[in-house]
There are 2 protein chains.
Amino acid sequence: MFIKIDLEADIPIYEQLKQEIIAGIAKQALLPGEKLPSVRGLAADIGVNLHTVNKAYHQLRDEGYILIHRQRGVVIHPDGMAQADEAYMEKLKESLHPIIAASICRDVSSEEFQQLCASIYETYNPRKDDEQ
Amino acid sequence: MFIKIDLEADIPIYEQLKQEIIAGIAKQALLPGEKLPSVRGLAADIGVNLHTVNKAYHQLRDEGYILIHRQRGVVIHPDGMAQADEAYMEKLKESLHPIIAASICRDVSSEEFQQLCASIYETYNPRKDDEQ
DNA sequence: CACCTGTTATATTATAACTATAACAGACAT
DNA sequence: ATGTCTGTTATAGTTATAATATAACAGGTG
C-alpha cells in the first residue's frame, strides 16, 4: 500500500490516514469504485490498531469520500464526490482565514500566495500517475 | 478588548486567542509596539484561566509576533514581523496541501481557489480600521 | 463450516487542554 | 517602605481525545 504514517508527528494517526486517502483521490491514484484495504489489513500494514483505521474510514464516509459495505468492504465512492456546496465553501474559507492572516504578517503577498496554491494544485495533476 | 472566544468550539482556546491576535496584526488593528492586556487581565476578561492566555502569549512570542517583558508586559513586536523564510514557506505549503487536496476532490478549480484566497486577502486590507 | 468483512462493547493507557491555587521576583508609584 | 502591577514557576486535579488491547457479534463467501 502507498500509505505512510509518521507515528511521531503531532498530527493524529487517523487524521494522517484521512489526508493520505484524500490526497490519493485528488491525484486520481485512487479511482471511484476502487477497493481499499480492510480495517484489519491496513491496521496491520502500518502497525496500528484497527480502531484507528476504523475511525478514519468512518469520518471519510461521513464526508462523502468512501462507501462502507458491511461485508463487501470499503471502496472509493463510485459516483465521485459531491461538488462543493455553500456549507463546504464556508468551512473552506474559515480554514484559510488564519493561514492567510499569518502569511500577511510575514509579508507574503496575495500574488505569492495564489502562486503557491497554483503550484500545489499542479502537484495533484494526474498527468503521470505515480510518485508522491 | 476586541477578542471573542467560543468556549464550545472544537478548537482550543489558546489557539483561538493566537488566531485573533494574529488577525489583529494582519489587519493592522494591532500596531507594532502596541500594548496587549496582561495575562491576568485578558484571562479575566474572557473568563478563562491565566495559564491559557500565558500559553497563547508564549507561542506568539516564539513565532515572533510579540515581545514579553517581565515587568513591562506584552507588546506587539515593535520591529514588525520577520519576513517569511524558507522554513515558513515550507510549513505554509504543508498546511495548504490537505486543504487543496480536499477541494480538488470537490471540483473546486485552481482559479476558484485562488479567487477565494484573494477575497480573504482583501478582508485584511486596512482601509477602514475597525470592525472584525 | 471456516473465513473474511465491518460492528460493537469494554477497559486501559497516554497525552493534551484547561483549571485552580499559591508563591516568587522585579519594577514602579505613592 | 509598602502595596500593586508585571510575567514566571510549581503543583495538582479534571476533562477530553487519541490510541491500544481483547473479545465477541453478524452477515456474506469460498
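What you see is a predicted model; the values in this text were computed from it and never measured.

A. Structural context of the overall build of chain A. Within chain A one finds 5 helices and 3 strands. Counting from the amino terminus, helix and strand elements in chain A follow one another as α-β-α-α-β-β-α-α. Referenced to the eigenvectors of the C-alpha coordinate spread, the extents of chain A come out at roughly 50 × 35 × 30 Å. For chain A, the share of sequence-separated contacts (at least 6 apart) that also reach a separation of at least 24 residues comes to 52%.

B. The arrangement of the protein's contact with DNA strand C in detail. Around DNA strand C, the surrounding shell holds 18 residues, and the nearest of these are S38 of chain A together with P12, I13, V48 and H51 of chain B. Those elements giving two or more residues to the surface near DNA strand C turn out to be α2 (39-46) and β3 (73-76) of chain A together with α1 (13-26) and α3 (50-62) of chain B. The greatest single-element share of the surface near DNA strand C, amounting to 3 residues, is contributed by α2 of chain A. Classifying every residue of the surface near DNA strand C gives 7 nonpolar, 9 polar and 2 charged.

C. Expanded view of the protein's contact with DNA strand D. The environment of DNA strand D is formed by 18 residues, the closest being P12, I13, N49 and H51 of chain A together with S38 of chain B. Those elements giving two or more residues to the surface near DNA strand D turn out to be α1 (13-26) and α3 (50-62) of chain A together with α2 (39-46) and β3 (73-76) of chain B. Considering each element in turn, the surface near DNA strand D owes the most residues, 3 residues, to α2 of chain B. By residue class, the composition of the surface near DNA strand D is 7 nonpolar, 9 polar and 2 charged.

D. Up close: the domain arrangement of chain A. For chain A, the assigned domains read domain 1 (13-76) and domain 2 (86-123). Relative placement of domain 1 of chain A and domain 2 of chain A: their C-alpha centres are 27 Å apart.

E. A look at the relation of the copies chain B and chain A. With an RMSD of 0.1 Å, chain B superimposes on chain A once it is rotated by 180° and translated 0.0 Å along the axis. Overall, the copies show the geometry of a two-fold rotation axis. Closest approach to the rotation axis within chain B is made by the C-alpha atom of Q114 of chain B, at a distance of 2.7 Å. In this assembly, 100% of the residues forming the interface of chain B have copies in chain A that are likewise at the interface, indicating an isologous arrangement.

F. Region of interest: the interface of chain B and chain A. Contacts between chain B and chain A engage 35 residues on the former and 35 residues on the latter. Contributions of two or more residues to the side of chain B that touches chain A are made by α1, α4 (86-105) and α5 (110-123) of chain B. Considering only residue class, the side of chain B that touches chain A consists of 25 nonpolar, 7 polar and 3 charged.

G. Geometry of unusual backbone geometry. Phi is positive for Q28 of chain A, which is not a glycine, with a value near 55°. At D107 of chain B, a residue that is not glycine, the phi angle is positive and equals roughly 60°. With respect to the helices and strands, D107 of chain B occurs in the loop between α4 and α5. Since 12 C-beta atoms lie within 10 Å of it, D107 of chain B is described here as exposed.

H. Spatial organisation of the pairing of strand β2 (residues 66-69) of chain B. Residue and element names in this part refer to chain B. With 4 bridges joining them, β2 and β3 adopt antiparallel strand pairing. Residue pairing across strands places I68 opposite V74, the latter belonging to β3. Linkage of β2 to β3, two consecutive antiparallel strands, is achieved through a turn of 3 residues.

I. Representation of α1 of chain B in the model. For α1 of chain B, spanning 14 residues, the distance from its first C-alpha to its last is 20 Å, which sits close to the expected 20 Å at 1.5 Å a residue. Of all the 14 residues making up α1 of chain B, 11 are buried; the element is thus mostly covered by neighbouring parts of the structure. Among all positions in α1 of chain B, only Y14, Q16, L17, K18, E20, I21, I22, A23, G24, I25 and A26 of chain B are buried. Buried positions along α1 of chain B lie against α4 (86-105) of chain A together with α3 and β3 of chain B.

J. Local environment of the sheet that holds strand β2 (residues 66-69) of chain A. Residues and elements named next belong to chain A. One open sheet holds the 3 strands; their spatial order is β1-β3-β2, and the pairing between them is antiparallel. In the strand order of this sheet, the two ends are held by β1 (35-36) and β2, each with one partner. Across the sheet, α3 is in contact with β2 and β3; its angle to β2 comes to roughly 120°.

Rules used throughout
- Residues numbered from 1 in each chain as written.
- Chains lettered and ligands numbered in written order.
- Predicted model: local features only at pLDDT ≥ 70, side-chain atom pairs only at ≥ 80, totals over all residues.
- Helix = DSSP H or I, 4+ residues; strand = E, 2+ residues; numbered from the N terminus.
- Contact = placed C-beta atoms within 7 Å.
- Near = placed C-beta within 6 Å.
- Nonpolar A, V, L, I, M, F, W, Y, C, P; charged D, E, K, R; others polar.
- Domains from an automatic or database assignment.
- Least-squares fit on C-alpha atoms with pLDDT ≥ 70 in both.
- Buried ≥ 20, exposed ≤ 12 C-beta atoms within 10 Å, placed from the backbone.
- Pairing = 2+ DSSP bridges.
- Expected span 1.5 Å × (residues − 1).
- Axes fitted to C-alpha atoms, helices over the stretch in contact; angles between N-to-C directions.

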